[in-house]
There are 2 protein chains.
Amino acid sequence: MAPRLGRYADSHARSSPGAAVNVSEALQTRVSSNNFDAEATLSGDEITALVALAQEAPSSFNIQFTRFVAVTDTATKQRLMAAAWNQPKIGAAAAVFVLTGSLKAHEAYAVRMRAAAAAGEVPADVMERMVGMATQAYSNPVRAREESLRSVGLSGMSLMLAAQERGLASCPMIGFDPTAFSEILWLDADHPPLMVIVVGRAAAGNSPRKPRLAPADVLRIVG
Amino acid sequence: MAPRLGRYADSHARSSPGAAVNVSEALQTRVSSNNFDAEATLSGDEITALVALAQEAPSSFNIQFTRFVAVTDTATKQRLMAAAWNQPKIGAAAAVFVLTGSLKAHEAYAVRMRAAAAAGEVPADVMERMVGMATQAYSNPVRAREESLRSVGLSGMSLMLAAQERGLASCPMIGFDPTAFSEILWLDADHPPLMVIVVGRAAAGNSPRKPRLAPADVLRIVG
């Protein structure tokens, strides 16, 4: 019987049992894991809860560019693993989240905004101005892709911290063949896979956190 | 006298005074703010603490692509504001964080890794393999820019949540002229400004959080 990963199933990320994990602690303790317990699973409800939190990340005009394909099926994970340099964590993690951009998200945004204006929730002139700016920006496919890349970063970090809060291990990955991933997952060209985040229960043997550059090496204050 | 923003100066983000903010709460309560108290300031130590937490975000090979220019100087903020559609939040926020990529970060990574191997901290063959892969990937300027875009998303989300934990308001911005920003901040071509995050004390009149799409609209489970 595969163990279920409950909300606080694995306590290594928490300071005390049952306590919520604060932001600083989650940032400082999260480590990109290579080794996952292949017997652990995540339910659809658990996956949906993680995505709902990742959805809280901001986006340009609130367009919400990030899409999530969560793979828990063993056969599909094996196919994705073969298209990702055979990295074992894709096969072993409970869920493989493939984060895609959405290059036509501004069109759905325009539909939502027009409905909101029709319902009196947004003034019509504000709606027209916002939709005009968003359409001008993101009908340019380069800008749509660049904003999608920022967005998978914003959403992906949120997803990893939400996982950390639940005692789940995670690892972001970009070492995969996006064309093969699209074929395996039937993704159209408007939804390019831009980042993978594997989530599950950590197994033994993971490396410690890697050192970070000092603030003096990455920060300039103009004040 | 300008009020100082202490660690927990503004309690709207917290459930109870003095309590740390957990991840879910920070994600669910953070709102992109337009209105900032122009009298509030952030010290160099407070800025450095935020950047240190943002630095905890993961990056490909642990290369650490994101760089931070934190502007607190009034005159410089005014110049940046003029290059960002005159959006008042750039002038009013306590600190304007300009997040840049670093398109040559893999070169500094190779230097660090060689030093680590020389010190016996990393096996030489592992070092050679990692440096070889990183160099192959990121000597391609398109890949370096795309990874920088993902990285400012990962780091930027971490920065905003760290600010939220401290009771500080934030807003991510991409509506600025990157060429003008580079000129104002003396940024070379290897450090393109890719995202701005303003941080400070919220003033009155901010809009409520905007609605998010339902998980069913953004998530497919293959299981």
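Right above here is the structure, for reference.
To start, this report covers the structure provided alongside it. (Residues numbered from 1 in each chain as written. Chains lettered and ligands numbered in written order. Predicted model: local features only at pLDDT ≥ 70, side-chain atom pairs only at ≥ 80, totals over all residues. Heavy atoms only, no water.)

A closer look at the overall build of chain A
Here is the rule: The helix and strand labels rest on DSSP assignments: H or I over at least four residues marks a helix, E over at least two residues marks a strand, and numbering proceeds from the N terminus. Working definition: with a 1.4 Å probe on protein chains only, accessible area under 20% of the residue-type maximum means buried, over 50% means exposed, and in between means partly exposed. We call two residues in contact whenever any of their non-hydrogen atoms come within 4.5 Å of each other.
Broken down by element type, chain A carries nine helices and five strands. The principal-axis extent of the C-alpha atoms belonging to chain A is close to 55 × 50 × 35 Å. Relative to its full complement of 223 residues, chain A shows a buried share of 54%. Residue pairs in contact within chain A that sit at least 24 positions apart in sequence constitute 81% of those at least 6 positions apart.

Digging into the relation of the copies chain B and chain A
Two copies of a chain can be linked by a rotation about an axis combined with a shift along that same axis. Note the following rule: Superposing the copies works by least squares over the C-alpha atoms of residues that have pLDDT at least 70 in both of them.
The transformation that overlays chain B on chain A combines an axial shift of 0.0 Å with a rotation of 180°, and the residual RMSD is 0.0 Å. The two molecules are tied by a two-fold rotation axis, judged by turn and shift. Looking at the interface residues of chain B, 100% of them are also at the interface in chain A, so both copies use one shared face.

Re the sheet that holds strand 5 (residues 219-222) of chain A
What counts here: Each pair of strands is called paired provided DSSP finds at least two bridges between the two strands. Orientation is described by axes fitted as lines to C-alpha atoms, over the contacting stretch for helices, and by angles from 0 to 180 degrees between their N-to-C directions.
Spatially, the five strands line up as an open sheet ordered 5(A)-1(B)-2(B)-4(B)-3(B), and their pairing is mixed. At either end of the open sheet lies a strand with only one pairing partner, and these are strand 5 of chain A together with strand 3 (169-173) of chain B. For this sheet the average axis-to-axis angle between neighbouring strands, irrespective of direction, equals 20°. Taken together, the five bridges between strand 3 of chain B and strand 4 (residues 193-200) of chain B define a ladder with antiparallel strand orientation. Residue pairing for strand 4 of chain B: Ala 169 of chain B is matched across the bridge by Gly 200 of chain B.

Focus on the environment of Asp 37 of chain A
Residue and element names in this part refer to chain A. Going by this rule: Any N or O atom pair separated by 3.5 Å or less is treated as a polar contact, with the protein-specific requirement of one donor-capable and one acceptor-capable atom, and with residues adjacent in sequence counted only for side-chain atom pairs.
You can see Asp 37 is positioned in the loop between helix 1 (23-29) and helix 2 (44-54). Residue classification places Asp 37 among the partly exposed residues on the basis of a relative accessible area of 22%. For Asp 37 and Arg 201, which are 164 residues apart along the polypeptide, the C-alpha to C-alpha distance reads 5.5 Å. At a separation of 2.8 Å, a polar atom in the side chain of Asp 37 contacts the main-chain amide nitrogen of Glu 39.

Let's talk about the pattern of salt bridges
Oppositely charged side chains may form a pair once their charged atoms are brought near each other. Quick note on the threshold: The working definition used for a salt bridge is a side-chain nitrogen of Lys or Arg within 4 Å of a carboxyl oxygen of Asp or Glu.
The tally for this structure, following the rule as stated, stands at 12 salt bridges over all chains. Between Arg 209 of chain A and Glu 56 of chain B there is a salt bridge; the shortest N-O distance is 2.1 Å. Here Arg 209 of chain A is found in the loop between strand 4 (193-200) and helix 9 (215-218), whereas its partner Glu 56 of chain B is found in the loop between helix 2 (44-54) and strand 1 (67-71) on a different chain. By relative accessible area, which is 26% here, Arg 209 of chain A ends up partly exposed. For Glu 147 of chain B, the salt bridge goes to Arg 150 of chain B, with nearest N and O atoms at 2.6 Å. With Glu 147 of chain B and Arg 150 of chain B both in helix 7 (residues 141-165) and three residues apart, this pair spans about one turn of that helix. We classify Glu 147 of chain B as buried; its relative accessible area is 3%.

Details of the interface of chain B and chain A
Often, the extent of an interface is quoted as the loss of accessible area on bringing the components together. Formally: Once two parts are brought into contact, the accessible area they lose, counted with a 1.4 Å probe and summed over both, makes up the buried area.
Taken together, the contacts link 67 residues of chain B with 67 residues of chain A. Note on chain B versus chain A: buried area summed over both sides is about 5500 Å², and carbon and sulfur give 64% of it. Considering only the side of chain B, the residues that lose the most area to chain A are Val 23, Glu 56 and Arg 150 of chain B, jointly responsible for 11% of the buried surface there. Seen at the junction of chain B and chain A, the total is four salt bridges.

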